[in-house]
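A structural walkthrough
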Amino acid sequence: MDQASLTLQQGQIYGLVGQNGAGKTTLLRMLTGQTFPTSGELELFGETSPRGLGFQRANLGAVVETPSFFPFFTAKENLEYYRRQRGIAGKGCIEQALRQVELGDTGSKKFKDFSLGMKQRLGLALALMNRPALLLLDEPINGLDPMGIAHFRTLIQRLCEENGVTVLISSHILSELESLATCYGFIHHGRLIEQISERVLRERCREALEIVVDSAEKAAVTLERELGCTNFEVLPEGKLRLYEYLDDPAKVTHALAANGVGMMSVINRGSNLEEYFLSLIGEEGRQNA
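These lines cover the structure that appears in this document, whether it is placed above or below. This is a predicted model, so every value here is computed, not measured.

Across its full length, the protein carries eleven helices and ten strands. Its C-alpha atoms give the protein a radius of gyration of 24 Å, clearly above 19 Å, the size a compact globule of 289 residues would have. With the C-alpha coordinates aligned to their principal axes, the bounding extent of the protein is approximately 75 × 45 × 35 Å. Looking at the protein as a whole, 44% of its 289 residues are labelled buried. Within the protein, residue pairs in contact and separated by at least 24 positions form 69% of the contacts whose partners lie at least 6 positions apart. Here the protein holds 30 positive side-chain charges and 36 negative ones, and the gap between their average locations is 10 Å.

Turning our attention to a nonpolar patch on the surface. Taken together, the side chains of Phe70, Phe73 and Tyr81 make up a nonpolar region of the molecular surface, amounting to roughly 240 Å² of accessible area. Residue placement: Phe73 occurs in the loop between β2 (60–63) and α3 (75–86). By relative accessible area, Phe73 is classed as partly exposed at 32%.

A word on the packing of aromatic side chains. All chains considered together, the criterion is met by nine aromatic pairs. Aromatic side chains Phe69 and Phe111 sit 5.2 Å apart centroid to centroid with 50 degrees between the ring planes, which places their arrangement in the tilted category. Of the two residues, Phe69 is situated in the loop between β2 and α3 and Phe111 in the loop between α4 (92–100) and α5 (116–128); the sequence distance between them amounts to 42 residues. When its relative accessible area of 11% is taken as the criterion, Phe111 is described as buried. Consider the rings of Phe70 and Tyr81, whose centres lie 4.8 Å apart with planes at 85 degrees: the pair is edge-to-face.

On to the sheet that holds strand β9 (residues 239–242), then. Backbone hydrogen bonds are what pair the strands of a sheet, in a parallel or an antiparallel way. Overall, antiparallel pairing links the four strands, which are arranged β8-β9-β7-β10 in an open sheet. Two strands bound the open sheet, and with one partner strand each, they are β8 (232–235) and β10 (263–269). Each neighbouring strand pair of the sheet contributes to a mean axis angle of 15 degrees, computed without reference to strand direction. Sheet topology places strand β7 (residues 208–213) next to β9; four bridges connect them, and they run antiparallel. In the sheet register, Glu210 faces β9, and the bridge partner there is Arg241.

This paragraph deals with unusual backbone geometry. Notably, Arg131 is not glycine yet its phi reads approximately 50 degrees, a positive angle. Following the sequence through the fold, Arg131 ends up in the loop between α5 and β3 (134–138).

Moving on to the packing of α3 against α4. Closest axis-to-axis distance for the α3/α4 pair is 10 Å, and the angle between their directions is 130 degrees. It follows from the interaxial angle that α3 and α4 lie oblique. Here α3 runs over α4; the crossing is right-handed. Residues Ala75, Lys76, Leu79, Glu80 and Arg83 of α3 form the contact with α4, whose participating residues are Cys93, Ile94, Glu95 and Leu98. Of the residues in the contact of α3 with α4, the class split is five nonpolar, no polar and four charged.

With respect to topology, six strands assemble into an open sheet ordered β2-β3-β4-β1-β5-β6, the strand pairing being mixed. The outermost strands of the open sheet, each flanked by one partner alone, are β2 and β6 (191–197). Adjacent strand axes in the sheet meet at a mean angle of 15 degrees, parallel and antiparallel pairs treated alike. Across five bridges, the pairing between β3 and strand β4 (residues 166–170) is parallel. Each residue of the ladder has a partner; that of Leu135, found in β4, is Val167.

What counts, and at which threshold
- Residues numbered from 1 in each chain as written.
- Predicted model: local features only at pLDDT ≥ 70, side-chain atom pairs only at ≥ 80, totals over all residues.
- Heavy atoms only, no water.
- Helix = DSSP H or I, 4+ residues; strand = E, 2+ residues; numbered from the N terminus.
- Rg over C-alpha atoms; globule rule 2.2 N^0.38 Å.
- Buried < 20%, exposed > 50% of the residue type's maximum accessible area, 1.4 Å probe, protein only.
- Contact = heavy atoms within 4.5 Å.
- Lys, Arg positive; Asp, Glu negative; His and termini not counted.
- Charge placed at Lys NZ, Arg CZ, Asp CG, Glu CD.
- Patch = residues over 30% accessible without salt bridge, like charges linked within 9 Å, V, L, I, M, F, W, Y side chains within 5 Å.
- Areas by Shrake-Rupley, 256 points an atom, 1.4 Å probe, with all protein chains shown as cover.
- Salt bridge = Lys/Arg side-chain N within 4 Å of Asp/Glu carboxyl O.
- Phe/Tyr/Trp six-rings, centres within 6.5 Å; stacked < 30°, edge-to-face > 60°.
- Pairing = 2+ DSSP bridges.
- Axes fitted to C-alpha atoms, helices over the stretch in contact; angles between N-to-C directions.
- Parallel < 35°, antiparallel > 145°, perpendicular 65-115°, else oblique.
- Left-handed = near helix turned anticlockwise from the far one by under 90°.
- Nonpolar A, V, L, I, M, F, W, Y, C, P; charged D, E, K, R; others polar.

Quick look at the structure:
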């Protein structure tokens with residue numbers, strides 16, 4: 001990692017986006033103390049000393065690797081084992097965690113008989129037992145079917161909305177991350193290259209007429225004067241992005257041509273999280289994806 005600084009707000013779902021090997025899991029493992037920086041300094045909630053970091057990690061819950069549960073134990077028995085091992089006071093945390101992930105009624109059912117979705121949720125319950133302020137999830141929906149993914153998504157959203165838990169989640173399923181996250185951080189080659197809110201991402205990815213002209217300034221004047229357009233952006237290299245007249249591009253091209261604006265291309269374009277990320281990392285990143 002190279003000077004990666006993440007800023008999360010309480011109750012936020014922060015989506016960590018990056019290719020395999022970009023450093024997502026390494027970052028999460030450093031935060032949880034499972035691995036250590038080979039150089040530089042790690043800071044968590046303002047603490048950098050080993051003692052301070054250890055104290056602040058008590059505020060974390062994490063599913064970075066699949067927890068090892070005992071196959072012939074029930075959900076409660078497995079959590080009780082980890083509660084004692086981790087020194088978490090009070091058995092009430094077990095019941096609460098199981099209710100939060102909707103496993104409170106599994107009774108005597110053994111872990112070996114759980115579905116994959118139930119196993120994933122028990123891992124989440126384990127991460128919630130210490131009532132964390134920050135929850136770290138690394139690829140938590142791997143292997144789940146569409147119903148399992150939807151169920152997991154609902155659980156995470158409820159944890160944030162009802163309990164004020166802040167979530168940092170990495171996933172290679174960007175379409176799912178796009179429906180869940182309220183903020184994004186993009187990692188490439190160990191560097192955090194951008195952090196943006198869901199609102200800004202939606203603004204940048206929304207559908208538009210992308211027009212390439214010989215004079216962006218002349219085109220902008222024409223759009224304002226002839227068509228009354230105000231909702232457009234002027235970009236580098238003679239490119240404009242127009243958020244009006246999406247259903248009538250011919251009227252736009254006619255007005256531009258009639259006023260002497262040379263047009264190289266007019267494309268109706270929108271993008272998603274994956275396309276936005278690829279545009280950030282550029283051609284080199286695309287080839288190595």
